[in-house]
Amino acid sequence: QSNPFCFISFYADEGSDYANKLKKCLETAGINCFISSELSSGVSWGNAILDALHRSSIIFLIETENYHTRPRCQIERDFAIAKGMHLLRVVLCDLNRLNGIPPWLNDIQYEKLNINGHFNPEKSLFGISLPDNVIHPIRQRAAFSLIEKVTPDNVNRLASVLSLSDQLTGSDHNRKTQLVNLAFTNIITADRFCNEIKLDGLF
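Bear in mind that the values here come from a model prediction, so they are computed numbers and not experimental data. (Residues numbered from 1 in each chain as written. Predicted model: local features only at pLDDT ≥ 70, side-chain atom pairs only at ≥ 80, totals over all residues. Heavy atoms only, no water.)

Draft legend 1. Fine view of the nonpolar core. In this structure, L179, F193 and I197 are the most contacted members of the largest nonpolar core, which totals 46 residues. Residue contributions to this core peak at 6 residues, all from helix α3 (residues 71-83). Setting aside residues no more than four positions away along its own chain, L179 makes contact with I147, V155, L158, A159, L162, L164, L168 and F193. Listed in part, the 15 residues of the second largest apolar core include I8, Y18, L22 and C33. (Core = buried A, V, L, I, M, F, W, Y, C linked by side-chain atoms within 4.5 Å. Buried < 20%, exposed > 50% of the residue type's maximum accessible area, 1.4 Å probe, protein only. Helix = DSSP H or I, 4+ residues; strand = E, 2+ residues; numbered from the N terminus. Contact = heavy atoms within 4.5 Å.)

Have a look at this one:
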């Protein structure tokens, strides 16, 4: 069995040092990681991030005070959760100092995890341990947050791919809401939603 591929999401102005330490620790343990600060110049940022998110099964959210206020961090977070990736939250400040965190994210019940060995979190590390029937609504909430950033043209394209176009009516906002509700009626369509969504121009 191949080692998991991890995506490390962080706000560079606050979490880059910690993210680099975490990457070094994980790679020492034989776990492959993606970290945006190592992208080569000239590489399409958005395409590289989306490709890495599709390849990843685990995402680390390096939560600093302003992580949840940054548009790129929001997209990485929402896409990963909507996709159903395993989520590990590394919180580097007091929880009540996290700005802009969506209420539904704090609704998730987390287990506090301990890391043994050479690397220890400076604050807290939390991981989801929930059955699929609980994770699915959380995925849908993240998809609602993500779809608001997607252009109407890409919403229409996605609806066509999912064969849902004829069920969407009204304003752009209503069509986005309807699309997520319809796509997340079952796991199969929800997975297709995440595999087919385009994030052009968002990064």
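Draft legend 2. Representation of the packing of aromatic side chains within the structure. As enumerated under the stated definition, the model contains 2 aromatic pairs in all. Measuring from ring centre to ring centre gives 5.0 Å for F7 and F34, while their planes differ by 25°; the resulting arrangement is stacked. Residue F7 is found in strand β1 (residues 5-10), and its partner F34 is found in strand β2 (residues 32-35); the two are separated by 27 residues along the sequence. As far as burial versus exposure is concerned, F7 and F34 are alike and both buried. With a centroid separation of 5.5 Å and an interplanar angle of 70°, the aromatic rings of F184 and F193 are classed as edge-to-face. Sitting above the plane of the F5 ring, R55 keeps its charged end 4.4 Å from the centroid. (Phe/Tyr/Trp six-rings, centres within 6.5 Å; stacked < 30°, edge-to-face > 60°. Lys NZ or Arg CZ within 6 Å of the ring centre and 35° of its normal.)

Draft legend 3. Representation of the side chain of K176 in the model. Note on placement: K176 falls in helix α7 (residues 172-183). Nearest to the buried, unbridged K176 among oppositely charged side chains is E148, at 4.6 Å. Leaving out residues up to four positions away in the same chain, K176 has contacts with I147, E148, V150 and V155. (Lys, Arg positive; Asp, Glu negative; His and termini not counted. Salt bridge = Lys/Arg side-chain N within 4 Å of Asp/Glu carboxyl O.)

Draft legend 4. The arrangement of the pattern of salt bridges in detail. According to the stated counting rule, one finds 7 salt bridges in the structure shown. Of the charged contacts in the structure, one is a salt bridge between R89 and E63, with a shortest N-O distance of 2.3 Å. Taken together, the positions of R89 in strand β4 (residues 86-91) and E63 in strand β3 (residues 58-63) put the pair 26 residues apart, joining distant regions of the chain. Exposure remark for R89: the relative accessible area of 3% places this residue in the buried category. When its relative accessible area of 0% is taken as the criterion, E63 is described as buried. Taken together, the shared-partner salt bridges connect R77, D78 and K149 into one network.

Draft legend 5. Local environment of the packing of α7 against helix α8 (residues 187-196). It is at 8 Å that the axes of α7 and α8 come closest, and there the two elements cross at 130°. With respect to their mutual orientation, α7 and α8 come out oblique. For the pair α7 and α8, contact is made by L179, V180 and A183 and by T189, A190 and F193, respectively. In terms of residue class, the contact of α7 with α8 is made up of 5 nonpolar, 1 polar and no charged. (Axes fitted to C-alpha atoms, helices over the stretch in contact; angles between N-to-C directions. Parallel < 35°, antiparallel > 145°, perpendicular 65-115°, else oblique. Nonpolar A, V, L, I, M, F, W, Y, C, P; charged D, E, K, R; others polar.)

Draft legend 6. Region of interest: the packing of helix α2 (residues 45-55) against α3. Taken N-terminus to C-terminus, the directions of α2 and α3 make an angle of 30°; their axes are 10 Å apart at the nearest point. Taken together, α2 and α3 sit at an angle that is classed as roughly parallel. Judged by the twist between their axes, the crossing of α2 over α3 is right-handed. In this structure, α2 contributes W45, I49, L50, L53 and H54 to the contact, and α3 contributes R72, E76, F79, A80 and K83. The residue inventory of the contact of α2 with α3, partitioned by class, reads 6 nonpolar, 1 polar and 3 charged. (Left-handed = near helix turned anticlockwise from the far one by under 90°.)

Draft legend 7. View of unusual backbone geometry. If you check the backbone angles, S163 has positive phi at about 60° while not being a glycine. Along the polypeptide, S163 turns up in the loop between α6 (152-161) and α7. Taking relative accessible area as the criterion, S163 reaches 58% and is therefore assigned exposed.

Draft legend 8. Main features of the environment of P152. As for its position among the elements, P152 is in helix α6. Classification of P152 by relative accessible area gives partly exposed; the value is 35%. Taking C-alpha positions, P152 is 6.4 Å from D172, a pair spaced 20 residues apart along the chain.

Shape descriptors only; they carry no functional weight alone.
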